[in-house]
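Here is what each chain is made of, one letter per residue.
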Protein chains: 2
Amino acid sequence: MKKSERLNQMLRFVNQRQRFTLKDVINEFQISKRTALRDIASLEEMGVPLYAEYGRYGGYRLVKPITLPPISFSSQEVFALYFAMQALQSFTSTPFEISYRSVHEKFLEGLTTKQRKQIDSLQKRVAFFHAEQLHECAYLEELLLASTNNQILSIVYTTEKQTTIRRIQPISIYAMKGYWYCQSLDLNKKAYRVFRCDRIKSIEVVEDVDMIDVEGITIENAHVFWKPTDQAIPFKCEITKTGIEQFIQSQFPSMKIKEEHNDYYLVGTYEPTEVDFIIRYLASFGKTIRIVEPVSLKEQLKAYYLDLINYI
Amino acid sequence: MKKSERLNQMLRFVNQRQRFTLKDVINEFQISKRTALRDIASLEEMGVPLYAEYGRYGGYRLVKPITLPPISFSSQEVFALYFAMQALQSFTSTPFEISYRSVHEKFLEGLTTKQRKQIDSLQKRVAFFHAEQLHECAYLEELLLASTNNQILSIVYTTEKQTTIRRIQPISIYAMKGYWYCQSLDLNKKAYRVFRCDRIKSIEVVEDVDMIDVEGITIENAHVFWKPTDQAIPFKCEITKTGIEQFIQSQFPSMKIKEEHNDYYLVGTYEPTEVDFIIRYLASFGKTIRIVEPVSLKEQLKAYYLDLINYI
DNA sequence: AATAAAGGTGACAACTATTGGCACTATTAA
DNA sequence: TTAATAGTGCCAATAGTTGTCACCTTTATT
């Protein structure tokens, strides 16, 4: 990155955090200590009122707020944002009830003629594909709202087999492989569960004192709530490098790659009710995976293949 | 004077005077014509909406005051754009060399404290996941450039089996399931080919008159160039509704869903060299698919399953 | 008094970016 | 047609930037 650009970013970095250390700068911008020092000197030369505190627990402080130069998005940023937007556009539902057309128009409006031309020509040449959304989700906004406001919901949930009514406390929502999911605490079962949003048929906010504080829980760490039930069966498979690549592309939170003496293993647990699913999942790996345990899983996979052979 | 400092001053200079000429800039900053032009180009790169008027009494005009771009978007729209960007962030390589932190901060700057808080809390609650990128691609920018500029490249391409040198004319690049691909015309084989970008080990622009005009070809219609070779084998499979869902999530341009009397079929062709691939692909469908023809494919799938049974 | 953790300097070689000059081209109004 | 304006491509000289390394200063904690 060019120095001038870095300094501009540093201006905003400094403005946001009124206290910071050299290390912060080094890590943030991935530069050497010497360069960080030089950059700070440059900022001071530009008139940024910085005060340095020596010694342990020292650092820099911004003495008074600075007026930032007028900004606009750079061409590169505009392109990236535009294509990000394009990529998301193919989602028929998002939790943000917006018209992409209006964003699109506003976006183009703010650009220079040159940028617009560049976007036009790039549009023909770049794309981000992802799994298309298969089912519309009616309640994404409500689920998101409930998760930020710590609300409890009563939902009607339909799977292929049954329809149930559950009380849940949403933690987060996320889109993956064409589906929207909702991480939640299932208050009936007192357990962490993930629901597919398109299977939620109705939603009602419930007043309840019996809730758990999820303030500190984020989409990243929510899985710590995931506990296998007593019936859960642990499994272990040998996996090749190719298999690991495939796993990364379609992983599940309940599975992990483990290294043992330079061999790799896919380990995890599955619920007895999910056995069909796990068999199909393991089968998709073909020879890149080999079940070590349990033996019952081996037998079931064998049976699955035999069944398919007869089916063919 | 350093360029970065000069550009900052120029930003103010431009902001003050709505109209100016190159000469003004040259006199003001005591630089050469060439440098003045380069500086103005830099400003435009940074997103300053300048308009140039050619000819006598021409000059530059600032189209509109430089402001914070997101300010004209509604909260909902800002959120959507913001998360679109977040979704892209997990790509380790994009053809746009941008700093996401910079975009992030520019976004936040134009917002009210309330909106900022909302974004902060939403960030913990919503995510768009997609296949993680496994390999970095070194030449995305070059490939994109070559595709927009109609250039011919000589590339070193490495597959698991071999390393070859090819002359290609890139048409487009796209990201799918964790990989970047480059649609191209392979000038050696005179055929449409798709290359995985991370397998391109070096790139060199080649001057060549022997090129094909790809101006009218876009990422959407490039597949028309795809022609099965003489050896290609057509196949046809019965497919269930569930199977169709899976197909949509992992489709290939050489395959299509066809309806015949309320039954659905997956039809396409495969090259004899790709038979391993197609077998694994069909196997991943399990019972949701059933090969109709050719019979040889049925036999091969059967053999594949038998092999796996022995392997287990 | 010693130590750890923070900021700070000077020098240098390798690397990158910027610059001005030049010879062009393109567009527009008079 | 001309004059005035913007814009391009190329090059070699020059200027700026970077990381590394050794060593210094200040301060709170132990």
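Chain A is annotated in an unreviewed UniProt entry as YafY family transcriptional regulator from Virgibacillus salarius.

This part covers the protein's contact with DNA strand C. Neighbouring DNA strand C are 24 residues; Thr-21, Leu-22 and Ala-52 of chain A together with Thr-35 and Gly-55 of chain B lie closest to it. Looking at the surface near DNA strand C, the elements that each hand over two or more residues are helix H2 (22–29), helix H3 (33–45) and strand E3 (59–62) of chain A together with helix H3 (33–45) of chain B. Here the surface near DNA strand C is composed, by residue class, of nine nonpolar, seven polar and eight charged.

Right, let's get into the nonpolar core. Generally speaking, a soluble globular protein has its nonpolar side chains buried in company with each other. Leu-81, Ala-84 and Cys-197 of chain A together with Leu-81, Ala-84 and Cys-197 of chain B are the most contacted members of the largest nonpolar core, which has 78 residues in total. By residue number, the principal contributor to this core is helix H4 (residues 75–89) of chain B, which donates 10 residues. When neighbours within four sequence positions are excluded, Cys-197 of chain B is seen to be in contact with Cys-137, Tyr-139, Leu-140, Leu-143, Ile-173, Trp-180, Tyr-181 and Cys-182 of chain B. Among the nonpolar cores identified, the runner-up in size contains 32 residues, and Phe-247, Leu-282 and Tyr-305 of chain A together with Ile-239 of chain B belong to it.

Listed by partner, the interface residues are 77 residues for chain A and 83 residues for chain B. A per-element tally of the side of chain A that touches chain B places helix H4 (residues 75–89) of chain A first, with 11 residues. Of the residues in the side of chain A that touches chain B, the class split is 41 nonpolar, 20 polar and 16 charged. Where strand E6 (residues 163–176) of chain A and strand E4 (residues 126–128) of chain B come together, three bridges link them in parallel fashion. Residue pairing across strands places Ala-175 of chain A opposite Phe-128 of chain B, the latter belonging to E4 of chain B.

Bringing the UniProt feature "domain: HTH deoR-type" (unreviewed entry) in chain A into the picture now. Under the UniProt annotation, the feature "domain: HTH deoR-type" (unreviewed entry) is placed at residues 3–62 of chain A. Between the first and last C-alpha atoms of residues 3–62 of chain A the distance is 21 Å; the span itself is 58% helix and 17% strand.

Residues and elements named next belong to chain A. Between helix H9 (residues 275–283) and helix H10 (residues 295–311), the least distance of the axes is 10 Å, while the angle of their chain directions is 75 degrees. On the basis of the axis angle, H9 is roughly perpendicular to H10. Two secondary-structure elements touch here, H9 through Val-275, Ile-279, Leu-282 and Ala-283 and H10 through Gln-300, Leu-301 and Tyr-304. The class makeup of the residues in the contact of H9 with H10 is six nonpolar, one polar and no charged.

All names here are of chain B. A sheet is described by the order of its strands in space; here four strands give the open sequence E11-E12-E10-E13, paired in antiparallel fashion. If you trace the sheet from one side to the other, it starts and ends with strand E11 (255–260) and strand E13 (289–293), each paired once. Taking the axes of each pair of neighbouring strands and ignoring which way they run, one obtains an average angle of 30 degrees across the sheet. Inspection of the sheet shows E11 paired to strand E12 (residues 263–270) by six bridges, in the antiparallel sense. Its bridge partner being in E12, Ile-257 is matched across the sheet by Leu-266. In the packing of helix H8 (residues 241–249) onto the sheet, the strands contacted are strand E10 (233–239), E11, E12 and E13, and the crossing angle to E10 comes to about 130 degrees.

The rules behind these values
Position numbers for residues count from 1 along each chain, tracking the sequence in the order it is written. Note on labels: chains are lettered from A, ligands numbered from 1, in written order. Only residues with pLDDT of 70 or above have their local features reported here, since the model is predicted, and side-chain atom pairs are shown and tallied only from 80 upward, although totals for entire chains, interfaces and linings are computed over all residues. Using the backbone to place each C-beta atom, any residue with that atom within 6 Å of a molecule or strand is considered near it. Secondary structure elements are defined from DSSP: runs of H or I of at least 4 residues count as helices, runs of E of at least 2 residues count as strands, and each element is numbered from the N terminus. When residue character is reported, Ala, Val, Leu, Ile, Met, Phe, Trp, Tyr, Cys and Pro are called nonpolar, Asp, Glu, Lys and Arg charged, and the others, Gly included, polar. Here a nonpolar core is just a set of buried residues of the types Ala, Val, Leu, Ile, Met, Phe, Trp, Tyr and Cys, joined wherever their C-beta atoms sit within 7 Å. Exposure classification rests on a simple neighbour count of other C-beta atoms within 10 Å of a residue's own: a residue reaching 20 or more is buried, one at 12 or fewer is exposed, and one in between is partly exposed. C-beta atoms are placed from the backbone. Contact between residues is assigned whenever the C-beta positions, reconstructed from backbone atoms, fall within 7 Å. Note: two strands are recorded as paired if DSSP finds a minimum of 2 bridges between them. UniProt positions are given in the numbering used here, feature names are shortened, and annotations may be inferred rather than shown by experiment. Axis definition: a line fitted to C-alpha atoms, over the contacting stretch in the case of helices. Angles run 0 to 180 degrees between N-to-C directions. Small angles under 35 degrees read as roughly parallel and large ones over 145 as roughly antiparallel, with 65 to 115 read as roughly perpendicular and the rest as oblique.

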